[in-house]
Amino acid sequence: MGGTDAADTEPLIEVAGVEKVFTVRRKVGRLRRARHQVRAVDGLTFQVPRGEMVGYIGPNGAGKSTTIKMLTGILTPSGGRLRVAGIDPSRERTRLARRIGVVFGQRTTLWWDLPLKDSYELVRRMYRVPAGAFRTNLDRCVELLDLAPLLDVPVRQLSLGQRMRGDIAAALLHDPEVLYLDEPTIGLDVISKAKVRAFLHEVNAERGTTVLLTTHDLTDIEQLCRRVMVIDHGRLVFDGDLAGLRAAADGERLLVVDLAAELPPIEGVPGARTIKVDGPRQWLAFPAADSAAPLVTAVAARYPLVDLSVREPDVETLIAELYAGGGAARVAPGGATRPAP
Ligand SMILES: Nc1ncnc2c1ncn2[C@@H]1O[C@H](COP(=O)(O)OP(=O)(O)OP(=O)(O)O)[C@@H](O)[C@H]1O
Ligand SMILES: [Mg+2]
């Protein structure tokens, strides 16, 4: 492996001041249509070194998919500079295609009416994958993603989780250096998610494939990525590790308790406040850095406790808190500035 276009010391992905503006036509009144500009990506700067696995998160409409589409060459940036393995994606999309793999969780890149294995055969021809490498890669994917029983099934008959595993395999058959995953676990059940995560971890660790992963599931990030980038309104608002994100967001965790009866909101638990009551279930927020154990003891001492769980804040909550709190100091140098509140 290794590129011919860029020295191995150079970042594999380079994004510098990249912008993407869409012009959309909106109906104004009954007959008139007005042009309107959407800044989907607004001065984005980051670099990803070879071999890294980076989480790319943010609320709906933040600009994640637009970024990935620019990194594959599907979309041309309106401004700024973009390089993947030394290649300008939109100018040399075909040359880049041999070196990257893409999975869009929301839609398949497989041939709907063909059995999975025929789709793979087409991928092999499209990328002119040498027979030996193809066999090795396919065997590995089939084994790790449990694809054997699915190879003869037409793609349209696959369940969402089966199709997603099929898509991920298709993206890796030509040994890409970079893998972009846009919500690869969306809609999957717990077991499928675990399978996909284990596979991605293995691909990154064994082959050194550089991975950029978009997700709304914080567990994906926790289990796979040391580094996480947060985008909102087209700008990078955080670039660092997950612990740093929690700290920047000054996040809270939730202790969810089920009591034996419907009771008034729990009071007098030091370091926690009750934020929601729904029948016998109550939610207590406490600082993310604190241990939940003393809270549980305090609740159990005075209330009829039946069951409990501790929940991490989800990505959206973290981001909302990142805005509300002073997270700006955590934005990486060279990253986009935080928009004015
Ligand atoms: N082809 C397009 N034409 C016009 N506007 C677009 C187009 N594609 C995206 N947008 C707009 O750009 C913004 C960013 O969209 P994008 O799909 O990148 O968000 P996202 O972060 O992937 O969101 P989600 O989490 O919902 O997938 C949104 O406001 C969206 O409406
Ligand atoms: Mg998206």
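Residues numbered from 1 in each chain as written. Chains lettered and ligands numbered in written order. Predicted model: local features only at pLDDT ≥ 70, side-chain atom pairs only at ≥ 80, totals over all residues. Heavy atoms only, no water.

Let us look at the site of ligand 1. Around ligand 1, a shell composed of 14 residues is seen, among which Gly 61, Lys 64, Ser 65, Thr 66 and His 216 lie nearest. The contact in question runs from an oxygen atom of ligand 1 to an N or O atom on the backbone of Ala 62, over 3.1 Å. One of the side-chain N or O atoms of Ser 65 is found 2.8 Å from an oxygen atom in ligand 1. Relative to its unbound accessible surface of 640 Å², ligand 1 loses 65% to contact with the protein. Listed by contribution, the elements that provide at least two residues to the shell around ligand 1 are strand 1 (13-28), strand 2 (32-48) and helix 1 (64-72). (Near = heavy atom within 4 Å. Polar contact = N/O pair within 3.5 Å; in protein donor to acceptor, adjacent residues only side chain to side chain. Areas by Shrake-Rupley, 256 points an atom, 1.4 Å probe, with all protein chains shown as cover. Helix = DSSP H or I, 4+ residues; strand = E, 2+ residues; numbered from the N terminus.)

Predicted coordinates in areas of low pLDDT are best not read in detail. Averaged over all residues, the pLDDT of the protein chain equals 87, while 87% of them reach at least 70. Note on residues 1-6: pLDDT under 50 across the span, and 17 contacts to partners over four residues away in sequence or across chains. Contacts of residues 325-341 to residues separated by more than four positions or lying in other chains number 26 contacts, the stretch itself having pLDDT below 50. (pLDDT = per-residue confidence, 0-100. Contact = heavy atoms within 4.5 Å.)

With respect to the helices and strands, the residue Thr 23 is situated in strand 1. Once you skip the residues sitting within four places of it in the chain, Thr 23 turns out to touch Arg 35, His 36 and Gln 37.

What follows concerns the pattern of salt bridges. Side-chain pairing between opposite charges can occur once the charged atoms of the two side chains come close. Taken as a whole and assessed by the stated rule, the structure comprises 22 salt bridges. For the salt bridge of Arg 227 with Glu 52, the shortest nitrogen-to-oxygen distance reads 2.8 Å. Of this pair, Arg 227 sits in strand 8 (residues 227-232) while Glu 52 sits in the loop between strand 2 and strand 3 (53-57), placing them 175 residues apart in sequence. Under the relative-accessibility criterion, Glu 52 is labelled partly exposed at 25%. Between Arg 135 and Asp 139 there is a salt bridge, with the nearest N and O atoms lying 3.2 Å from each other. Note that Arg 135 and Asp 139 are positioned in helix 4 (residues 131-144) at a spacing of four residues, about one turn of the helix. Using a relative accessible area of 46% as the deciding quantity, one classes Arg 135 as partly exposed. In the salt-bridge network here, residues are joined through shared partners; they are Glu 19, Arg 39, Asp 42 and Arg 235. (Salt bridge = Lys/Arg side-chain N within 4 Å of Asp/Glu carboxyl O. Buried < 20%, exposed > 50% of the residue type's maximum accessible area, 1.4 Å probe, protein only.)

Here the focus is the sheet that holds strand 2. One open sheet holds the three strands; their spatial order is 2-1-4, and the pairing between them is antiparallel. Here the strands that pair on one side only, and so sit at the sheet edges, are strand 2 and strand 4 (79-84). Neighbour-to-neighbour, the strand axes of the sheet open up by a mean angle of 35 degrees, direction not taken into account. The sheet contact formed by strand 1 and strand 4 spans five bridges and is antiparallel. Counted as the bridge partner of Ile 13 is Val 84 from strand 4. Strand contacts of helix 1: strand 1, strand 2 and strand 4, with the helix running at about 120 degrees to strand 1, the strand carrying the most contacts. (Pairing = 2+ DSSP bridges. Axes fitted to C-alpha atoms, helices over the stretch in contact; angles between N-to-C directions.)

Mapped onto the elements, Pro 115 comes out in the loop between strand 5 (100-104) and helix 3 (116-126). A relative accessible area of 18% means that Pro 115 is categorised as buried. As for Pro 115 and Arg 156, which are separated by 41 residues in sequence, their C-alpha atoms are 8.8 Å apart. Ignoring anything within four residues of it in the chain, the contact list for Pro 115 reads Leu 151, Asp 152, Val 153 and Pro 154.

Before going further, it helps to examine helix 5 (residues 160-172). Between its terminal C-alpha atoms helix 5 stretches 19 Å, which fits the 18 Å expected from 13 residues at 1.5 Å a residue. The buried fraction of helix 5 amounts to 11 of the 13 residues, a majority that puts the element mostly inside the structure. Turning to helix 5, its buried residues number three or more, namely Gly 161, Arg 163, Met 164, Arg 165, Gly 166, Asp 167, Ile 168, Ala 169, Ala 170, Ala 171 and Leu 172. Taken together, the buried residues of helix 5 touch strand 5, helix 3, helix 4, strand 6 (178-182) and helix 6 (190-207). (Expected span 1.5 Å × (residues − 1).)

For any two helices packed against each other, one specifies the crossing angle of their axes together with the interaxial distance. One way to put it is that helix 4 packs onto helix 6 with a least axis distance of 10 Å and a crossing angle of 145 degrees. Contacts between helix 4 and helix 6 involve Asn 137, Arg 140, Cys 141 and Leu 144 from the first element and Lys 195, Phe 199, Glu 202, Val 203, Glu 206 and Arg 207 from the second. For the contact of helix 4 with helix 6, a count of residues per class yields four nonpolar, one polar and five charged. (Nonpolar A, V, L, I, M, F, W, Y, C, P; charged D, E, K, R; others polar.)

The subject of this paragraph is the environment of Val 48. By secondary structure assignment, the location of Val 48 is in strand 2. Apart from the residues within four sequence positions on either side, Val 48 is in contact with Pro 11, Leu 12, Ile 13, Val 54, Thr 210 and Arg 227.

So, on to the pairing of strand 9 (residues 235-241). Every other side chain in a regular strand lies on the same face of the sheet, so the side chains alternate between the two faces. Counting buried positions along strand 9 yields five of seven residues, so the element is predominantly enclosed. If you look at the hairpin formed by strand 8 and strand 9, you'll find two residues sitting between the two strands, and His 233 has a positive phi there, around 50 degrees.

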